[in-house]
Amino acid sequence: MRSVGTVVALALLLSACAHKKQAAIPPPPPAPAAPTPAVPAPASVPPSAPPSAAASLYTETGLASWYGHPYHGRPAANGEIYDMEQMVAAHRTLPFNTWVRVFDLDSNKSVDLRIIDRGPFVDGRIIDLSHAAAQVVDMIGPGTARVRVEVLRWPEVPEANIFAVQVGLFRDRSNAERLRQQMESRYGAARVILRQGDQQRWSVLVGSQVSENQARALATRIRQESGEKSAAFVVRVDAT
């Protein structure tokens, strides 16, 4: 009986061991994934710069001046009221609402301006800055500065191209009329235009050219035929 019991006990033990071997062993947890390296955000792209004057627009170099009183609060040549604390300027030939960059060759500073007025009507100067613009480029003290003018954007609405040559500026209208008659007899069209300022001046304009180059040729001819150094320079004739 003992041997039978022993056999039964041995069988039960083997059966238990067999079940233990067949028990499911859970797999080990997966290794944590390696952290994904952070990808830096792309660098921001700076906004595009305004069009360069070298990109087929217009550039000139010369002497600039600035103007404030008594023009402040008066109508500019384009009809709007001149505010000397706004970023605006006067030019003899560029169309109204042309945007320009004026680079001061003395102070190495620049300012962007909109053309709203005509001038300067002094030989040798190419642009008149507002008081605010002159402050930006440190031109208030000296009063004038050597500058480079670059056109950034032309006006959306083009103007008619009519150019003339200014040959004189007078306080007395009778003197202006006398010169006008002389110019008319030599070169055809001539007129007298009132220029407002601290004092009224009368400008004598000669010719009516459809291009600035033609007007420049006429100015050269007038200087050559005058027999003396004549302050003849090109101006745009605006519609009135």
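The model shown is predicted, which means the values in this text are computed figures rather than measured ones.

1. Description of the sheet that holds strand 1 (residues 59-67)
Within the closed barrel, the 6 strands sit side by side as 1-5-2-4-3-6. Their pairing is mixed. Pairs of neighbouring strands in the sheet enclose a mean axial angle of 45°, with direction left out of account. Bridge count for strand 2 (residues 88-91) against strand 4 (residues 110-117) is 3 bridges, and the pairing is parallel. Within strand 4, the position partnered with valine 88 by the bridge is arginine 114.

2. Re the pattern of salt bridges
For the structure on display, the rule yields 11 salt bridges. A salt bridge links aspartate 112 to arginine 101, with the shortest nitrogen-to-oxygen separation between them at 2.7 Å. Of this pair, aspartate 112 sits in strand 4 while arginine 101 is found in strand 3 (residues 99-104), placing the two residues 11 residues apart along the sequence. Residue class for aspartate 112 comes out partly exposed when judged on its relative accessible area of 28%. Here arginine 101 falls in the partly exposed class, since its relative accessible area comes to 25%. Arginine 180 is the partner of glutamate 177 in a salt bridge, and the nearest nitrogen-oxygen pair spans 2.9 Å. Of the two residues, glutamate 177 and arginine 180 are both situated in helix 3 (residues 173-187); the distance of 3 residues between them amounts to about one turn of the helix. Given a relative accessible area of 22%, glutamate 177 falls into the partly exposed group.

3. A few points about the pairing of strand 10 (residues 233-236)
With burial as the criterion, each face of strand 10 is covered, one bearing Phe233 and Val235 and the other bearing Val234 and Arg236. As judged from the 4 bridges shared by strand 7 (residues 163-170) and strand 10, these two strands associate in the antiparallel manner. Residue glutamine 166 lies in a different strand from strand 10, and its bridge partner there is phenylalanine 233.

4. Let's talk about unusual backbone geometry
Of note, the amide linkage connecting histidine 69 to proline 70 takes the cis form, showing an omega dihedral of 5°. Structurally, the position occupied by proline 70 is in the loop between strand 1 and strand 2. Each neighbour pair has its own omega, and for glycine 119 with proline 120 the value is -5°, a cis peptide bond. Structurally, proline 120 can be placed in the loop between strand 4 and strand 5 (125-130). If you check the backbone angles, asparagine 108 has positive phi at about 60° while not being a glycine.

5. A word on the packing of aromatic side chains
Working definition: an aromatic ring pair is given by the centre-to-centre distance plus the angle between the planes. Considering all chains together, one arrives at 2 aromatic pairs under this definition. On the numbers, 5.4 Å between centres and 70° between planes, the contact of tyrosine 67 with tyrosine 71 is edge-to-face. Relative to tyrosine 82, the ring of tyrosine 67 has its centre 4.4 Å away and its plane inclined at 5°; by these criteria the two rings are stacked. With tyrosine 67 in strand 1 and tyrosine 82 in the loop between strand 1 and strand 2, the pair connects residues that are 15 residues apart, well separated along the chain.

6. A word on the sheet that holds strand 7
In spatial order, the strands read 8-9-7-10; together these 4 strands make up an open sheet with antiparallel pairing. Each end of this open sheet is capped by a strand with a single partner; those strands are strand 8 (190-195) and strand 10. Sheet twist, expressed as the average angle between the axes of neighbouring strands with direction ignored, equals 45°. In this fold helix 4 (residues 212-226) packs onto strand 7, strand 9 (201-209) and strand 10, with an angle of close to 40° to the strand it touches most, strand 7.

Reading the values: rules and limits
Residues numbered from 1 in each chain as written. Predicted model: local features only at pLDDT ≥ 70, side-chain atom pairs only at ≥ 80, totals over all residues. Heavy atoms only, no water. Pairing = 2+ DSSP bridges. Helix = DSSP H or I, 4+ residues; strand = E, 2+ residues; numbered from the N terminus. Axes fitted to C-alpha atoms, helices over the stretch in contact; angles between N-to-C directions. Salt bridge = Lys/Arg side-chain N within 4 Å of Asp/Glu carboxyl O. Buried < 20%, exposed > 50% of the residue type's maximum accessible area, 1.4 Å probe, protein only. Phe/Tyr/Trp six-rings, centres within 6.5 Å; stacked < 30°, edge-to-face > 60°. Contact = heavy atoms within 4.5 Å.

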